[in-house]
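Okay, here's what each chain looks like letter by letter:
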Amino acid sequence: MAEKVVLIDGNSIAYRAFFALPLLNNDKGVYTNAVYGFTTMLLKILEEDQPDHLLVAFDAGKTTFRHKTYKDYKGGRQKTPSELSEQFPVLKELLDAFGIKYYQLEQYEADDIIGTLATQAGDKGLDVKVISGDKDLLQLVSDNITVSLTKKGITNVDTYDPEFLMEKMEVRPDQVIDLKALMGDSSDNIPGVPGVGEKTAVKLLKQFDKLENVYNQLDEVSGKKLKEKLETNKDEAFMSKELVTINRDSPIEVSLEDLTFKGYETHTVSQFFKELGFQSLLSRVQEGGEGDTETAVDEIDIEVVSEISSELFTGKEAMVVEMLHDNYHQSPIEGISIVNDEKKYFMTIEQATDSEAFKAWAENPEQEKWVFDAKAATVALLHHGIHIQGITFDLLLASYLINPAENNHDIPAISHRMGETGVQYDEEVYGKGAKMKLPDEETFRSHIGRKADMIFRLKKQAEDQLKQNEQFELYQELEMPLALILGEMEHQGVRLDVDRLKGMGEELEGRLDKVQEEIFELAGETFNLNSPKQLGPILFETLELPVIKKTKTGYSTSADVLEQLADQHEIIPKILLYRQLGKLKSTYIEGLLKVVHEDTNKIHTRFNQALTQTGRLSSIDPNLQNIPIRLEEGRKIRQAFVPSQEGWVMFASDYSQIELRVLAHIAQDEKLMQAFKEGLDIHTQTASEVFGVAQDEVTSDMRRQAKAVNFGIVYGISDYGLSQSLGITRKEAQAFIDKYFESYPGVKDYMGETVSEAKRTGYVTTFMNRRRYLPDITSRNFNKRSFAERTAMNSPIQGSAADIIKKAMIDLDHRLKEENFQATMILQVHDELILEAPEEEVEKLKEVVASVMTSTVDLDVPLEVDYSYGPTWYDAK
DNA sequence: TTAATCACGC
DNA sequence: GACGTACGTGATTAAC
């Protein structure tokens, strides 16, 4: 059977749906009726037609090539109601969720895209189905192209083939344009011949076959009036014909292969339906629903090994070390699956640990292992005394580098993006939350077997993609080795002085009680001080303080608001103090005590290496990258972070101004580079430039403002952001920024170039070719576009800094091992490395750490690090 | 469970 | 001029 191609006229169907359905909105107040109607139509097509190729075509901008012929084309049309236009982005998100391609082309209409693709597919002998509400498309009908037009509602359609067209309209497909040329079309403002309607037009076409013949043989037209009308409107008629003719050779950049549709991920779609509030459609995509394209799980033959022998291994196997929970420091291993090009196995962790053959294989670096999340597998197996080596492929890291913007880096989502199906989401198999549990053994073994199988199948494609993006080195030389180092750091953990922490907690508790008491006294009533919703009315109604900012739900009571009210009422400083202390107690004292391991007094964070959009790491469970430092009160928390052995010290080393140095290098800005080469204080230097005074005339306030500007440059904040952080107007903030660019013209040029590069390629890159895609950079929405532009300027800076410290970690790890240091890295906080080391190694460590960190890359400005050490992290300042 | 608000770091 | 503004993690409240 021929493959089936379905082409949908997106605008037309969305319009139909919008007007056919009442103006529904969901609980967020977003209108969804057009999206809803479109979805019902889509589900019907997926169920009934099961297309092999699928595309939704949209109209592009306001003008099309037809406007050159006739400037009033589609003139007089009602403007698209905003209630509908706001639904188009949502509709596109929906299509993304389904994994359905959509396309639009400047200067062309959806019709032309459809006409071009339908013609191409038809020529290849494929079955084409076009879906629209627009009769113009009937001209495409042929032996293998049908056109379905919506009747009443959206899902009710008439499907036209040549016979049906003849029966209904008494014309052949090729005559549709002649018909329109004669009768015109008021909705598109196509004139046609005034006074000629459908009846007359059909009669003429029956007699003369086509428009040209009507005019060639005008004498033979019966009726004087009609002849006159045709005569005087000849130009309009021919122009109309040109206007309604669909372009079948549009310069489209998609091919049929791009449209291949292999079904959608049930999980992703139902998630999206839930967000939109499409409860009634859920059953159609979920298990047992009639439209269930749920991960078609192929039969898989998993062999449960009875005895592990070296013969099982070929030297290239994919492996899944399965755990039910994501914290691999704690979660038990439920089973292991191994897939190579010969067989698929399942084994229990007991079988694996009891087997010398398994250990020999696992610890042999020559035997390749391909996994998803090397760090998790490595750490989990370490708990069983297995030091796995030879991991040469990590699907998680590959997927992250290919596109960090994807928020789903799990095996089913990745495989779907790579055009494969066959793996279910863990949630589908295990359930979630409290209901999570192992399924029956057979199901479990098949599930993790399919995962390993998918890793095996996707390796080549993922690596090819990385190579194509010139990211293979980044992947293989940076992220992969780093994963193992991070695993060691996490596994090693950080020792906490639990008693000290508890002592601080008790002290805080006393102070909190006292402050709370005082606040209630001043407020004249007791209430839940942790509830902004309750605090708001007390401050702004009972105490009648001026309202500075509101949130969606009421008064804002955030710190920046309260600070502005600080001298208006003595309750305010007390609330700020309560908040500050409360944060320390709940997040840091109690939070850390909750995750400390009782037997070792250690905490084991997890660094997420595949999350941030810039390439930085993040840290969870606990987050050790946001331990207080700014305020002395909070900084004391660091006194509880201690070395794991007697006679050891905490050693911290941080890059000084790494982002600004990276910026100086990338932008090749002479002044900025010079400042760093001379070892100037960069904030003072910037102040001197921006305020136009000599270095020694820079006041501390000027330096403070300049620092905020530098900060803004590094983090890509807007004039608004800068105005907020300095408490000045947006205009003043903009003036600062302008002045900054004047001072550092190289930076200004760099910013401009980066943005235009992003517009050209769609992404920006770092030193090591890390990518960040910025689809919004060409958005017509000012906000989205501005945000994308700032991201374009900032990401290469922040991301390159992340590249550098990651590389430094790898270099340092090598050096420490090579030179037999006992010292080890235990934490990374973006521009800072924290180690613990025996006191006697400190002198050597100072030299090694500093030299490795400063020489890991060679920039046109020097890199500098500051280091220090002491008995606790607090003292390493 | 999920959204909103707040606060900590870089 | 629009409009809502760096990236993360986590605690808490208050709705469901």
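Just so we're clear, the structure is a prediction, and the values are computed from it rather than from any experiment.

What follows concerns the overall build of chain A. Regarding its fold elements, chain A presents 36 helices and 25 strands. C-alpha atoms of chain A, sized along the principal axes, occupy 110 × 75 × 60 Å. Counting every position in chain A, which comprises 877 residues, the buried fraction comes to 52%. If you take every contact in chain A between residues at least 6 apart in sequence, the share linking residues at least 24 apart comes to 67%. Roughly 40,600 Å² of accessible area belongs to chain A as shown, and the carbon and sulfur atoms make up 46% of that amount. Of the side-chain charges in chain A, 99 are positive and 149 negative, and the distance between the mean point of each set is 6 Å.

Here the focus is the protein's contact with DNA strand C. Taken together, 26 residues lie near DNA strand C, and S531, D621, Y720, R730 and N783 sit nearest. Those atoms of DNA strand C that come within 4 Å of the protein belong to sugar or phosphate at a rate of 57%. Within the backbone of Y715, an N or O atom sits 3.1 Å from a sugar or linking oxygen of DNA strand C. Between a base oxygen of DNA strand C and a side-chain N or O atom of R730, the distance comes to 2.7 Å. For the surface near DNA strand C, the secondary-structure elements that each account for two or more residues are α24 (532-542), α26 (571-595), β18 (618-620) and α35 (782-818). Take the surface near DNA strand C: its biggest share by element is four residues, from α35.

Below, the discussion takes up the nonpolar core. Ranked by internal contacts, the top residues of the largest apolar core, which has 181 residues, are I336, F358, L539, F641, L663 and Y740. At 12 residues, the largest contribution of residues to this core is made by α35. When neighbours within four sequence positions are excluded, L663 is seen to be in contact with Q668, L672, I713, Y740, V747, Y750, M751 and I797. Core analysis: the second largest hydrophobic core is formed by 51 residues, L205, L226, L230 and A237 among them.

Bringing the packing of aromatic side chains into the picture now. Applying the stated rule across the entire model yields 22 aromatic pairs. Residues F98 and Y264 carry aromatic rings whose centres are separated by 4.8 Å and whose planes lie at 70 degrees to one another, so their mutual orientation is edge-to-face. Here F98, found in helix α5 (residues 87-98), pairs with Y264, found in the loop between α12 (234-244) and α13 (266-276); they are 166 residues apart in sequence, far enough to count as distant. Note on accessibility: F98 and Y264 belong to one class, buried. Put simply, the rings of F58, F88 and Y102 touch in pairs and so form one group of aromatic residues. Looking at K369, its charged tip hangs above the ring of W361, at a distance of 4.9 Å from the centre.

The next point concerns the protein's contact with DNA strand B. Within the structure, DNA strand B sits among 24 residues, and T553, T557, N626, I629 and R630 are positioned closest to it. Between DNA strand B and K552 there is a distance of 3.4 Å, counted from a phosphate oxygen to a backbone nitrogen or oxygen. Within the side chain of K583, one N or O atom sits 3.0 Å away from a base nitrogen of DNA strand B. Ranked by residue count, the leading element in the surface near DNA strand B is α26, at four residues. Here the residues of the surface near DNA strand B sort into nine nonpolar, nine polar and six charged.

Turning our eyes to something else, we now look at α35. Taking 1.5 Å of rise per residue, the 37 residues of α35 would be expected to cover 54 Å, and the 53 Å separating its terminal C-alpha atoms lies within 8% of that figure. At N794, α35 shows its maximal kink, close to 35 degrees; a proline, P796, follows between one and four residues later. Its side-chain oxygen placed 2.8 Å from the backbone nitrogen of N783, N781 serves as the N-cap of α35. Immediately beyond the C-terminal end of α35, within one or two residues, lies N820, with a positive phi of roughly 50 degrees.

About the thresholds
- Residues numbered from 1 in each chain as written.
- Chains lettered and ligands numbered in written order.
- Predicted model: local features only at pLDDT ≥ 70, side-chain atom pairs only at ≥ 80, totals over all residues.
- Heavy atoms only, no water.
- Helix = DSSP H or I, 4+ residues; strand = E, 2+ residues; numbered from the N terminus.
- Buried < 20%, exposed > 50% of the residue type's maximum accessible area, 1.4 Å probe, protein only.
- Contact = heavy atoms within 4.5 Å.
- Areas by Shrake-Rupley, 256 points an atom, 1.4 Å probe, with all protein chains shown as cover.
- Lys, Arg positive; Asp, Glu negative; His and termini not counted.
- Charge placed at Lys NZ, Arg CZ, Asp CG, Glu CD.
- Near = heavy atom within 4 Å.
- Polar contact = N/O pair within 3.5 Å; in protein donor to acceptor, adjacent residues only side chain to side chain.
- Core = buried A, V, L, I, M, F, W, Y, C linked by side-chain atoms within 4.5 Å.
- Phe/Tyr/Trp six-rings, centres within 6.5 Å; stacked < 30°, edge-to-face > 60°.
- Lys NZ or Arg CZ within 6 Å of the ring centre and 35° of its normal.
- Nonpolar A, V, L, I, M, F, W, Y, C, P; charged D, E, K, R; others polar.
- Expected span 1.5 Å × (residues − 1).
- Bend = angle between axes of the 7 residues up to and from the residue.

Such coordinate-based values are descriptive only and should not be taken to indicate function.
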